[in-house]
Each structure stands twice: as structure tokens, then as C-alpha cells.
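Residue strings, one per chain:
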Amino acid sequence: MAHMSLLYGTICFSHDSWLENRSKGSRWFGIDSISNPSRYPFPLRRRVVEYLHDKINTNEWIDQTFMNFQIENATPFLNRLEKELNPPQFQAVTYTDGPLLVLAGAGSGKTRVITYRIAYLIAVKRLAPWNILAVTFTNKAAGEMKERVDVILRHSLRGLWLGTFHSLCARILRYDGKAIGIDPRFSIYDTTDQGAAIKRAMAVCNVSPKEAKPAAILAMISKAKNRLEWPEQFEENARDEYEVRAARVYKTYQAILRENNALDFDDLLIEAVRLLLHKPEVGETYQKRFQHILVDEYQDTNHPQYLFLRELAKHHNRICAVGDDDQSIYRWRGADIRNILEFERDFSNVKIIRLEQNYRSTRNILAAAGHLVQQNSGRHKKTLWTDKEDGEKLGIVRLPDEISEAIWILNEVSRLYTEKSTPYGRMAVFYRTNVQSRLFEEECIKRGVPYRLIGNIAFYERKEIKDVLAYCRLLINPADMVSFQRIVNLPKRKLGAKAVQCLMDYASLMKLPILKAAKTIREEKHEATIHPTTRERFYLFSTLFQKWHSQTKTLSLPTLIETIVNDCGYSAMLEEDNDPQSQARLDNIHEFITAAMQFEKRFDAEIPSPVDTIVKLAAFLENVALVSQIDQLQEGEDALILMTLHGAKGLEFPYVFIAGMEEGLFPHSKSLDSKEAIEEERRLCYVGITRGQMRVVLTHVESRRLYGRSEWTRPSRFLQEIPDRFVEELCWSDAKPSLYHPPGVMEAFVSFGGDSGDWRKEQFEPGDMVNHRSFGFGVVLGVEGEGGRARVTVDFQEIGKKTVIQEFAKLTKV
DNA sequence: TTCTCCAGGATTTTT
DNA sequence: TCCTGGAGAA
Ligand SMILES: Nc1ncnc2c1ncn2[C@@H]1O[C@H](COP(=O)(O)OP(=O)(O)OP(=O)(O)O)[C@@H](O)[C@H]1O
């Protein structure tokens with residue numbers, strides 16, 4: 001993540017013309033292209049190095065003259081590589097004569113190859129980090145890789161471009177997007193923001209949300225963008241009336257984004273591609289610069305990403321991609337498997353290396369996964385072997401319902417923890433859909449098992465955080481109407497929907513940034529649609545931003561955000577209202593401010609020259625916009641990992657539980673009617689199983705509750721596709737599960753087997769103040785049932801409303 | 001303009 | 001089952 005901040009080194013903000021020039025942002029937020037390093041704010045020596053690097057491209061000269069890298073003699077390093085890599089891996093790391101594709105199964109060390117290859121290029125091939133571009137699937141993977149390379153090399157990686165496609169494209173667009181008319185202050189719109197924009201677009205086009213779901217239109221637009229179809233072509237290709245109207249919405253949507261100076265996730269990619277394709281002088285700079293390109297998880301790249309790579313690799317033709325077609329699980333969002341299958345055709349003189357030794361899993365796990373994925377058609381046959389022992393067979397457990405499923409898995413987790421001293425962090429529970437996480441979470445809470453829930457509602461998608469972010473974004477990008485609309489009346493400022501709509505129309509008409517419109521509308525004598533007092537309120541609102549903007553020179557980043565939160569009345573609003581969630585919201589905001597503080601620390605460490613806080617804010621926002629959910633995984637904390645199967649990609653755990661192995665859930669009901677979709681689900685299962693190092697357990701239930709309705713289910717076909725000899729059926733206790741257990745009975749049964757004895761006979765009543773071991777204080781709202789088995793609903797100060805089982809929660813009256 | 005209540009839809013996966 | 005958003009009243 002630290003690398004993110006580098007790109008802001010050259011951004012300059014000028015205070016004089018704030019709010020001005022929506023389209024010619026350069027004056028306000030001028031960014032020097034990397035091709036013009038004359039204003040590079042680094043110490044002189046670096047500046048010269050990079051300048052020359054760009055101009056003459058000779059590493060040797062740079063090395064001898066300036067580089068302060070302390071790389072030992074290359075020979076010990078090579079010896080080390082030979083020791084830590086097997087021969088094909090070694091070959092993949094050291095082959096540098098042309099395009100290279102590493103096609104290999106799970107756990108064969110593909111990521112390891114990328115990591116060592118970066119180190120090799122720097123240490124042995126004497127490339128400057130500056131000349132390397134590496135792409136990973138998540139920011140977390142990028143961070144880890146950077147750390148690994150750091151450890152291997154022990155020298156500065158400054159200048160190395162390592163990140164996700166989205167973050168790298170954003171970076172390029174901030175530098176050079178202005179060549180294709182993109183203001184470098186652009187906001188990045190996530191799904192929620194897109195929703196707001198598409199609704200507006202639909203309103204403009206007279207398409208009601210009833211006849212077409214906004215999400216469906218967005219999906220169509222995203223698909224079109226993945227094919228690089230602009231609204232015009234999309235309209236030409238429209239096959240029916242519906243698509244014609246969709247095309248109109250698409251066009252309007254794009255216009256709105258542009259007006260707001262915003263890009264959505266897809267735009268980041270396709271605009272970067274457009275830049276590279278249509279501005280050869282810009283493209284060339286990058287093509288020359290990146291002598292080596294490395295890509296992990298290549299099987300899940302989409303068409304724009306492929307074009308991005310193809311363009312960048314044009315000059316040096318040295319691209320190294322690694323991937324596994326059996327692990328392609330993102331075709332539903334446009335990933336194109338042809339990228340990896342036709343790699344040989346796409347680049348010239350391609351060398352293909354296969355890795356066949358798996359270092360991760362036991363034989364049973366590997367064989368089970370292998371047999372499963374063999375059911376798929378049209379795949380590359382791969383050999384995968386291991387010199388590990390057979391290990392335990394895969395466990396398959398049948399349970400009566402989803403509650404006992406959670407109980408069973410947590411029993412197992414607790415058992416591993418107490419009996420085998422397995423740290424929680426070495427165990428993970430995977431599931432197909434996010435809803436499933438809830439029961440596991442509740443069960444963890446009941447038992448006091450520390451857990452880490454990955455995904456679901458990402459921290460930065462929480463309401464309160466998005467609100468604060470909207471204030472920040474508006475401060476950076478005064479044209480951002482989606483952010484404006486979000487917070488202009490939050491806290492309440494008596495600025496209702498109608499008035500806001502009028503102002504936005506006015507801003508569009510006058511081609512003014514929305515914030516500027518809010519400011520000037522007061523003086524606008526001819527604008528009769530908005531009441532003068534309302535105009536005054538808009539003006540008042542705009543002065544907030546003016547004030548903050550004038551403070552960006554003096555305040556630190558966290559203080560600035562704190563000032564914003566206080567000045568705008570947001571914290572007061574939360575403090576005053578009686579919603580039990582408010583305290584948790586405030587805490588989240590503080591956590592956000594702490595994150596800003598940490599970010600600033602890293603930023604300052606990387607960019608020594610003083611930088612205006614608003615630049616840091618911009619960098620921080622970008623960092624925030626592009627973090628993915630998996631990025632929440634923290635090292636060093638011992639907690640059970642809960643996540644979707646998709647999130648599990650690229651990770652490994654000694655103990656893996658996969659829950660919900662039922663037809664209609666996994667494979668998901670929406671995938672049942674197409675062979676391709678089923679095969680993708682099967683690959684997902686393959687990915688899940690191959691995450692396991694020592695033991696994998698698959699659970700399924702007889703009946704599952706969905707939307708409050710219980711459904712009978714059938715075991716997933718994937719269970720049958722694993723040959724019996726790799727599997728053992730487990731019972732959830734010594735007794736054979738009978739056909740039907742009411743959930744309460746199950747729970748009681750299990751709880752007596754576990755560590756009980758601590759539950760009290762104490763009776764709670766609504767209104768009682770109680771204390772909970774991990775949730776702190778709260779007020780009882782309601783009680784259901786009696787004694788230790790009672791379900792007590794408590795409104796906790798810290799985390800809000802929760803229902804707990806008395807005997808597990810260890811509640812005490814205060 | 002804001003608040004409250006009710007209906008109806010949702011959850012497949014995510015940068 | 002829970003949440004969102006729309007409609008209608010204050
Ligand atoms: N040559 C090796 N010697 C020892 N361990 C290795 C070797 N190569 C890889 N490993 C280990 O094997 C495990 C899997 O490696 P890695 O994650 O790089 O595989 P991968 O092919 O990227 O896996 P996947 O595609 O399933 O995500 C890691 O724990 C890694 O440290």
C-alpha cells in the first residue's frame with residue numbers, strides 16, 4: 001500500500017483557483033507526467049537518476065553512478081534461488097529472453113515464481129525497480145509480495161510498480177489522463193456511487209426503476225465496457241427496444257460520470273487502455289519504462305486488462321504471466337479465459353513452463369480436488385504431484401440444519417484449538433454466499449472464539465464512512481455530484497430533494513462544478529426556482545468547504561478529517577440521536593481517522609519533501625477506494641478466518657471447512673441451468689479444497705433457512721464427484737443424526753458436550769443493565785425462554801443490538 | 001421538509 | 001428475515 005503514495009509526489013494544488021475549471025483541472029491540480037520529471041519533488045539525486053533513466057535507459061550506467069543499492073555479488077543470490085526453487089521454477093524465474101507463461105495447478109508455487117523473479121531481475125539482472133511492473137489480484141497480495149521481495153533483497157524497491165490492475169490504471173490516469181481529457185482530480189465510484197449515478201441517468205431518460213432494475217442496467221453497461229463498447233457502438237449493436245433504451249441510459253450515465261469528473265471501476269481500465277492506444281507519446285513512455293511485466297492470476301484477467309498488458313509490453317516484449325485455468329472463477333464479471341489459453345498467439349516467441357509439484361496439500365486433498373475438477377470439459381490437462389504423505393481423508397459431514405452446521409464446525413475448531421493447540425488463524429471457514437457467514441459469526445461470539453470476517457460489508461462501505469468519504473471527495477473534486485447529493489443534507493440542513501435537484505440541474509446547465517454552483521446560486525438573480533433562504537443555505541454549505549480548503553496548509557491529514565467531521569455537524573448528529581448504533585458509528589469514524597493517521601505516517605516516510613495535506617487526502621482517498629475486502633486480513637492476529645470461497649483464492653490454511661455443500665447453494669441455484677456456470681462453480685470448489693494444507697472438511701445440511709423459510713436440500717453434486725477412497729463420512733456426534741432435530745434441541749445437545757457449566761440461573765428482564773465479556777455494557781431489550789437457554793436481546797453500547805444465548809454469553813447484571 | 005410506516009424484494013460471487 | 005425506498009401525513 002505504501003507504494004500508492006508515490007504517485008502523488010508530483011501533484012500540485014493551487015489554492016487560488018479552487019472551485020474553478022472543472023475540465024481544465026491542470027491548473028488547480030497540476031500533475032507532471034512521468035515524462036516530464038523536471039518538477040519531481042524528490043531530492044536532486046533521485047530526480048536526476050529517474051530523469052536519465054527515462055532518457056537513456058541504461059541500467060549499468062545508473063548502477064555505477066548513482067544507485068545506492070547494496071546488492072551482494074549475484075552468485076550467492078543465485079545459489080539461494082537454486083536452493084529455494086525447484087528446477088522448473090528456477091527456469092521460470094531466470095528466463096528473460098521473451099514472453100513467458102507459467103501454466104500450473106494449485107499450490108505449485110506460481111506466486112512464488114513471480115516474487116522471486118522480481119528479486120532476480122533487480123539483484124542479478126540489475127534492473128532498477130523502476131523498470132518493473134507487477135500486477136496482482138488484490139492489494140493485499142501486492143503488499144505481501146512487496147514485503148517478500150523486500151525480505152529477499154533487503155534493499156529499496158522505490159519506483160517499483162506493484163499493484164492491482166485498477167490501482168495501476170488509476171495511477172497512470174492521474175499522471176497522464178489529461179492527455180485524453182481526464183481531470184486528475186477524478187473521483188472513483190464504487191457500486192453504491194454507481195447506483196446513485198445510474199438512477200439519475202434513468203430518471204433523465206424516463207426509464208423507471210420498475211421496468212428495468214438499475215443493477216441490471218449497470219451489469220449491461222459493465223459488460224459493454226468489458227467489450228470496449230462505448231455508448232455509440234452499444235446503440236448500434238442494440239438488438240431490441242430494451243437495448244436501445246439501455247444504450248440511452250448508458251450514454252447519459254457516462255455523461256453524468258464525466259460531468260462529475262468521476263470514473264467507475266471499469267472506466268479505470270478502459271480509459272487507461274484508451275490513453276495507451278490513442279496517445280502514442282504517452283504510451284511510449286510507459287512501454288520503454290517497463291522492461292519487465294509480471295502478472296499473477298492471469299486466468300482471471302478480462303479483455304481490457306489484456307489490452308493494457310499488450311500495449312505496455314509492446315516495446316520490450318517481456319511479459320511473464322502465471323495462472324491456472326482450473327482456478328478461473330471470475331468469468332461472471334468478465335474475465336476471459338482466452339487470455340491465458342491464447343497467450344501463445346497473443347505474444348511472439350512465447351515460452352511455456354509447467355510446474356507440477358504441489359507444495360501445499362496432502363495427497364488426499366490433492367487427489368480429491370484433482371478428480372473433482374476433471375469433471376470439467378475443455379481444460380488444460382495438468383499433472384500435479386506431491387511428496388507429502390496421504391494425510392487425513394477429506395471429511396464430509398451431514399447435519400440437520402444450518403445452525404447445527406455452525407455449531408459442529410465451531411466444535412471442531414475449538415477441539416483443534418484446545419486438543420492440538422492449533423492457533424485459530426490456521427483454520428478457515430469458506431462458504432458460497434455472504435449470508436452464510438452470519439451464523440458462524442454468532443457462534444464465534446457465543447463461544448468467545450476470536451474471528452475475522454472477511455468481506456460482507458467492507459469497512460469503507462459502511463454508511464458513516466461513506467458519508468465522511470463523500471465530504472472528503474467533494475473537497476478534492478468539487479464537481480462530484482454523487483458525493484454532493486449524499487451529504488448536502490446530512491446532517492439535516494433543510495435542503496430537500498427538490499431544491500438539491502434544482503441546484504444540480506442549474507449546475508449542469510451552467511457547466512459549473514456543483515460546489516461552485518452552491519456558492520454562486522445566492523447571487524443568481526434570475527434563478528427563481530429556488531427560494532432565497534434555501535439559496536442562502538446552499539451558500540452556507542459551500543463556505544464549509546472553503547474553510548476546510550484554507551486549512552489544508554496547516555492541518556495534518558487526520559486533523560483535517562476530524563475537523564471536517566466536527567464542523568459539518570456529523571459527529572454532533574450522531575452524538576445527539578438515541579440510536580444505539582450511533583456509538584458504533586462514531587467509533588468507526590475514529591477508526592477511519594486512525595487509518596488516516598497511519599497513512600500519513602507512511603506517506604511522510606516515503607515522500608520526504610513537505611506536501612500539502614490535500615494531496616495526502618487525495619492519495620488516501622484513492623487508497624481507500626481501491627482496497628478490496630480481502631485486504632482486511634491482518635497478519636499476526638490469531639483469529640478464525642471466515643470468508644467466501646472467492647475470497648479464498650491465492651491463500652492457504654492448514655485446516656479448511658467448506659460449509660453449505662448443497663445443490664442450489666453450491667452450485668448456486670442461479671448457476672444450475674448452464675453448463676459453463678456449473679463448471680465455474682466446480683472450479684470454485686476446486687479452489688476451495690486446494691486451499692487446505694492438512695485437512696479439509698465439507699459440510700452439508702438437510703434443511704436450510706433462507707429468507708426465513710426452511711427448505712429441504714440435496715447434497716451438492718460435487719460431493720459425489722470426489723471418489724470415496726479420499727473421503728470419510730463424519731457424524732456430528734456418536735449418535736447418528738435423526739431426520740429432524742428442532743434447532744433448540746440441537747443446540748442444547750451440543751452445548752452440553754462443550755464447555756458449559758458457566759451459565760447462570762440468573763433471570764434477566766428488559767431494562768436490566770448487563771455486562772458481557774467482549775461486548776461490554778448494554779441494556780436488555782427482551783428475553784425469550786428461560787434459564788441458561790434463554791435468548792436475551794441486548795442493546796450494547798459498543799456494537800448495538802445483539803441477541804445472545806444466556807449460557808454462552810456469560811452475561812452479568814450490573 | 002421531515003418523519004413514519006408499510007410493502008416488496010433480496011443475496012452469487014467483487015475490483 | 002431484514003432492509004430499503006416510496007408514499008403519505010405532520
Ligand atoms: N520450491 C519450493 N519449495 C518449498 N516450498 C514451496 C516451493 N514452491 C512453493 N512452495 C510453497 O508452496 C505453497 C504454494 O505456493 P504458491 O502460493 O506460490 O502457489 P500458487 O501456485 O500460487 O498457488 P495457487 O495457484 O493455488 O494460489 C506456498 O506455501 C509456498 O511457500
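Computed from a prediction, not measured in an experiment: that's the story for all the values here.

Visitor: Lay out the protein's contact with DNA strand C in plain terms, naming residues and giving numbers.
Guide: Around DNA strand C lies a shell formed by Lys199, Arg705, Tyr707 and Gly708. Among the residues forming the surface near DNA strand C, the class breakdown is one nonpolar, one polar and two charged.

Visitor: Now, about the packing of aromatic side chains: what can you tell me, with residues and values included?
Guide: Inspection of the entire model under this criterion finds 22 aromatic pairs. Relative to tryptophan 548, the ring of phenylalanine 545 has its centre 4.9 Å away and its plane inclined at 70 degrees; by these criteria the two rings are edge-to-face. A residue pair is termed a helical-turn pair when its members lie 3 or 4 positions apart in one helix, as phenylalanine 545 and tryptophan 548 do in helix 26 (residues 532-551) at three residues. The exposure classification of phenylalanine 545 matches that of tryptophan 548, with both residues buried. These aromatic residues form a ring-pair network of at least three members: Tyr471, Phe484, Phe541, Phe545 and Trp548. In this structure, arginine 289 packs its charged tip against the face of tryptophan 130, placed 3.4 Å from the ring centre.

Visitor: Which residues make up a negative patch on the surface, and what are the values?
Guide: A cluster of acidic side chains, namely Glu575, Glu576, Asp577 and Asp579, defines a negative patch on the protein surface. With respect to the helices, strands and loops of the structure, aspartate 579 is situated in the loop between helix 28 (570-576) and helix 29 (581-606). Accessibility expressed as a relative area gives 35% for aspartate 579, which makes it partly exposed.

Visitor: With reference to specific residues and values, describe the pairing of strand 10 (residues 427-431).
Guide: When you tally the buried positions in strand 10, you get five out of five residues, the bulk of the element. Side chains of strand 10 alternate between two faces, with Met427, Val429 and Tyr431 and Ala428 and Phe430 buried alike. Pairing geometry for strand 10 and strand 13 (residues 653-658), over four bridges, is parallel. Looking at strand 13, one finds that valine 429 is bridged to phenylalanine 657. In this sheet, strand 12 (residues 640-644) lies alongside strand 10 in parallel orientation, the contact comprising four bridges. Across the sheet, the residue bridging to tyrosine 431 is threonine 644, located in strand 12.

Visitor: Can you break down the site of the ligand residue by residue, with the values?
Guide: Neighbouring the ligand are 18 residues, the closest being Gln89, Lys110, Thr111, Glu652 and Arg691. In this structure, glutamine 327 approaches the ligand through a side-chain N or O atom, which is 3.0 Å from an oxygen atom. In this structure, an oxygen atom belonging to the ligand sits 2.6 Å away from a side-chain N or O atom of glutamate 652. In the complex, 81% of the free accessible area of the ligand, which totals 630 Å², lies under the protein chains. Among the elements that take part in the shell around the ligand, helix 7 (residues 110-123) stands out by supplying three residues, more than any other.

Visitor: Give a detailed account of a nonpolar patch on the surface, specifying residues and quantitative values.
Guide: Where nonpolar side chains cluster on the molecular surface, the patch consists of Met769, Phe777, Val779 and Val814 and spans about 320 Å² of accessible area. Mapped onto the elements of the fold, valine 779 is located in strand 18 (residues 776-784). We classify valine 779 as partly exposed; its relative accessible area is 32%.

Visitor: Go over the nonpolar core with me, naming the residues and quoting the values.
Guide: Among the nonpolar cores identified, the biggest contains 58 residues, and Phe484, Leu503, Phe538, Phe541, Phe545 and Ile561 are the most heavily contacted of them. Here this core gets nine residues from one element, more than from any other, and that element is helix 22 (residues 463-476). The residues contacting leucine 503, other than those within four sequence positions of it, are Phe484, Ile514, Ala517, Ala518, Ile521, Ile530 and Phe538.

Visitor: With reference to specific residues and values, describe helix 22.
Guide: For helix 22, which comprises 14 residues, the first-to-last C-alpha distance of 20 Å matches the rise-based estimate of 20 Å (1.5 Å per residue) to within 8%. Buried residues dominate helix 22, accounting for 13 of its 14 residues.

Visitor: Can you explain the pairing of strand 2 (residues 132-135)? Please cite residues and give values.
Guide: Successive side chains on a regular strand alternate, one facing one side of the sheet and the next facing the other. Judged by which residues are buried, strand 2 turns out to be covered on both faces: Ile132 and Ala134 on one side and Leu133 and Val135 on the other are all buried. Looking at chain direction, strand 2 and strand 6 (residues 292-295) are connected through four bridges and run parallel. Note on strand 6: the bridge partner recorded for leucine 133 is isoleucine 293. Here strand 2 pairs with strand 3 (residues 161-163) via three bridges, running parallel. Across the sheet, the residue bridging to valine 135 is glycine 163, located in strand 3. For the segment spanning strand 2, helix 8 (residues 139-153) and strand 3, crossover handedness is right-handed.

Visitor: Break down the sheet that holds strand 2 for me, with residues and values.
Guide: Pairing in this open sheet of six strands is parallel, and the strands run 3-2-6-7-1-8 from one edge to the other. Each edge of the sheet is formed by a strand with only one pairing partner; in this case those strands are strand 3 and strand 8 (351-355). Going from strand to strand, the sheet's axes swing by 10 degrees on average, the running direction of each strand aside. Bridging between strand 6 and strand 7 (residues 319-323) involves three bridges; their strand directions are parallel. Bridge pairing links isoleucine 293 to isoleucine 319 in strand 7. Along the sheet, helix 16 (residues 303-312) contacts strand 2, strand 6 and strand 7; its crossing angle with strand 6, the most-contacted strand, is approximately 160 degrees.

Scoring rules and cut-offs
- Residues numbered from 1 in each chain as written.
- Chains lettered and ligands numbered in written order.
- Predicted model: local features only at pLDDT ≥ 70, side-chain atom pairs only at ≥ 80, totals over all residues.
- Heavy atoms only, no water.
- Near = heavy atom within 4 Å.
- Nonpolar A, V, L, I, M, F, W, Y, C, P; charged D, E, K, R; others polar.
- Phe/Tyr/Trp six-rings, centres within 6.5 Å; stacked < 30°, edge-to-face > 60°.
- Helix = DSSP H or I, 4+ residues; strand = E, 2+ residues; numbered from the N terminus.
- Buried < 20%, exposed > 50% of the residue type's maximum accessible area, 1.4 Å probe, protein only.
- Lys NZ or Arg CZ within 6 Å of the ring centre and 35° of its normal.
- Patch = residues over 30% accessible without salt bridge, like charges linked within 9 Å, V, L, I, M, F, W, Y side chains within 5 Å.
- Areas by Shrake-Rupley, 256 points an atom, 1.4 Å probe, with all protein chains shown as cover.
- Salt bridge = Lys/Arg side-chain N within 4 Å of Asp/Glu carboxyl O.
- Lys, Arg positive; Asp, Glu negative; His and termini not counted.
- Charge placed at Lys NZ, Arg CZ, Asp CG, Glu CD.
- Pairing = 2+ DSSP bridges.
- Polar contact = N/O pair within 3.5 Å; in protein donor to acceptor, adjacent residues only side chain to side chain.
- Core = buried A, V, L, I, M, F, W, Y, C linked by side-chain atoms within 4.5 Å.
- Contact = heavy atoms within 4.5 Å.
- Expected span 1.5 Å × (residues − 1).
- Right-handed = clockwise from strand over helix to strand, strands pointing away.
- Axes fitted to C-alpha atoms, helices over the stretch in contact; angles between N-to-C directions.

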